[in-house]
Amino acid sequence: MALDQSFIGRTYPPSPPYEVSREKIREFADAVGEPGEIHRDPEAAKAAGYVDVIAPPTFAILISMKANEVLVMDPELGLDYTRVVHGDQTFVHHRPIVAGDRLVVTTHVDAINSRMGNDIVSVRAELATESGEQVTTARSTLVARGTATEEQA
Amino acid sequence: MIRAAEVTAGDVLPPLSLRITRADLVRYAGASLDFNPIHWNERFAQEVGLPGVIAHGMLTMGMAVRVVTAWTGDPGAVLEYGVRFGRPVPVPDNAEGALVEVSAKVAKVLDDGTFKIAITAAFEGKSVLGGATARVRLP
C-alpha cells in the first residue's frame, strides 16, 4: 500500500537521552576493527585534543536506528517493517561523538517515494546534546521491498 | 598523521582487505544492537530468500571506512561518510568467511580545504557499497 504522503515533513518528539559510554565505544571499535587507542584510552584521546575517547565514524547508527523505531513502528505510517531494508546511510559529524555525551535524537521524515514497487522513506535523525549542541546528522533511506506493488496486484 | 599540504586530488590511499567471518557478525550484532536474524540465522535467511547469512550493511560500511581512518590517523577527521547499500555480502560458515577489498582515492579538494575521498568496496569483484564517499579535514 502506498504510504501516507502527509507524513512528509513530520518530526517526532525527541528521544530520551542516550548516554555514550567508554565501554560501548570500545566494543563498537572492536566490532568494526578500528585499532586506535583514541577509541579506548582517554589519555590518548586527550593528547589528540578530545575531551574523552571518541566514537568511530559509524557509531551513531546505534543511537539513530533505535530512535528511528518511532517511525518504523508507527502504525499510522504503516511501514511493513518485516520487509524493510536499509537503502543508504550518511553521517555528517558536526563534531566527533565522545564518551560522556548525553544525546537526544529528533527523527524527521524528509521524503516518501515509491519506486519499482518499493516504498522508500528518507529519514533524518538529528543527534544533539541535551543543551542543544548539534553533534551528528544521520540520514537513511528505508526501503520496504515490494509493498507498493502488492496493492496493485 | 598525514597533513593537508601533502595531499592532492588523485592520490591513492593504501588499500585494505577485509575478511568478514560469522564471528564478526555476532560481535557486530552485540555491539550495534542490530539483532536481525538474517545476520546470524541461516534457516531464517534462506526462508526470506537470501542465499544464506549476510553481513550487516552497516558492518561493511563501518569496516570500509578504516581505509580512510588508517590514512588520516585520526578517526575524528571524518566529517562526513555516506554509502548506498548494493549487493549483499554472504558470509559462509567457515574460517575464511567473506573477503571484501576496499580501495580509496582523493576525489577532490573542496573549497573549504577539506578533502572528498571516493571509496570502493568489492566482494567477488562486484561493488557492495555504491557511491561511498567521505569528507575529511586534515591538519
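- An unreviewed UniProt entry lists chain B under the name MaoC dehydratase-like protein, with Umezawaea tangerina given as the organism.

- Chain A appears in an unreviewed UniProt entry as UPF0336 protein CLV43_103258 from Umezawaea tangerina.
- Its UniProt record gives chain A the following Sequence similarities (unreviewed entry) comment, quoted word for word: "Belongs to the UPF0336 family."

## Re the UniProt feature "domain: MaoC-like" (unreviewed entry) in chain B
Alright, step 1. The positions that UniProt labels "domain: MaoC-like" (unreviewed entry) are, in the present scheme, residues 14–107 of chain B.
Alright, step 2. For the annotated span residues 14–107 of chain B, helix accounts for 34% and strand for 24% of the residues, and the straight-line distance between the end C-alpha atoms is 15 Å.

## Thoughts on helix α3 (residues 57–64) of chain B
Alright, step 1. Across the eight residues that make up α3 of chain B, a large majority, seven, are buried.
Alright, step 2. All of the buried residues in α3 of chain B are Met58, Leu59, Thr60, Met61, Gly62, Met63 and Ala64 of chain B.

## Considerations on the side chain of His93 of chain A
Alright, step 1. Within the element layout of this structure, His93 of chain A appears in strand β2 (residues 84–93).
Alright, step 2. Of note is the side chain of His93 of chain A, whose polar atom sits 3.1 Å from the side chain of Thr136 of chain A.
Alright, step 3. Here His93 of chain A is in contact with Pro57, Val135 and Thr136 of chain A together with Val78 and Leu79 of chain B, once residues within four sequence places are set aside.

## A short note on the confidence of the model for chain B
Low-pLDDT portions of the prediction should not be read for the details of their coordinates.
Alright, step 1. For chain B, per-residue confidence averages 96 on the pLDDT scale, and residues scoring 70 or more make up 100% of the total.
Alright, step 2. With pTM at 0.95, the complex prediction returns an ipTM value of 0.97.

## As for the packing of aromatic side chains
Alright, step 1. Taken as a whole, this structure holds two aromatic pairs over all chains when the rule is applied.
Alright, step 2. Arranged with centres 5.4 Å apart and planes meeting at 80°, the rings of Phe28 of chain A and Phe59 of chain A form a pair that is edge-to-face. Here the residue Phe28 of chain A occupies a position in helix α1 (residues 22–32), and Phe59 of chain A occupies one in the loop between α2 (42–47) and α3 (61–67), the gap between them amounting to 31 residues. The same class applies to Phe28 of chain A as to Phe59 of chain A, namely buried.
Alright, step 3. Chaining the aromatic ring pairs together yields one cluster made of Phe28 and Phe59 of chain A together with Tyr28 of chain B.
Alright, step 4. One cation-aromatic arrangement involves Arg10 of chain A over Phe7 of chain A; the distance from NZ or CZ to the ring centre is 3.8 Å.

Thresholds applied
Residues numbered from 1 in each chain as written. Chains lettered and ligands numbered in written order. Predicted model: local features only at pLDDT ≥ 70, side-chain atom pairs only at ≥ 80, totals over all residues. Heavy atoms only, no water. UniProt positions renumbered as here; feature names shortened; annotations may be inferred. Helix = DSSP H or I, 4+ residues; strand = E, 2+ residues; numbered from the N terminus. Buried < 20%, exposed > 50% of the residue type's maximum accessible area, 1.4 Å probe, protein only. Polar contact = N/O pair within 3.5 Å; in protein donor to acceptor, adjacent residues only side chain to side chain. Contact = heavy atoms within 4.5 Å. pLDDT = per-residue confidence, 0-100. Phe/Tyr/Trp six-rings, centres within 6.5 Å; stacked < 30°, edge-to-face > 60°. Lys NZ or Arg CZ within 6 Å of the ring centre and 35° of its normal.

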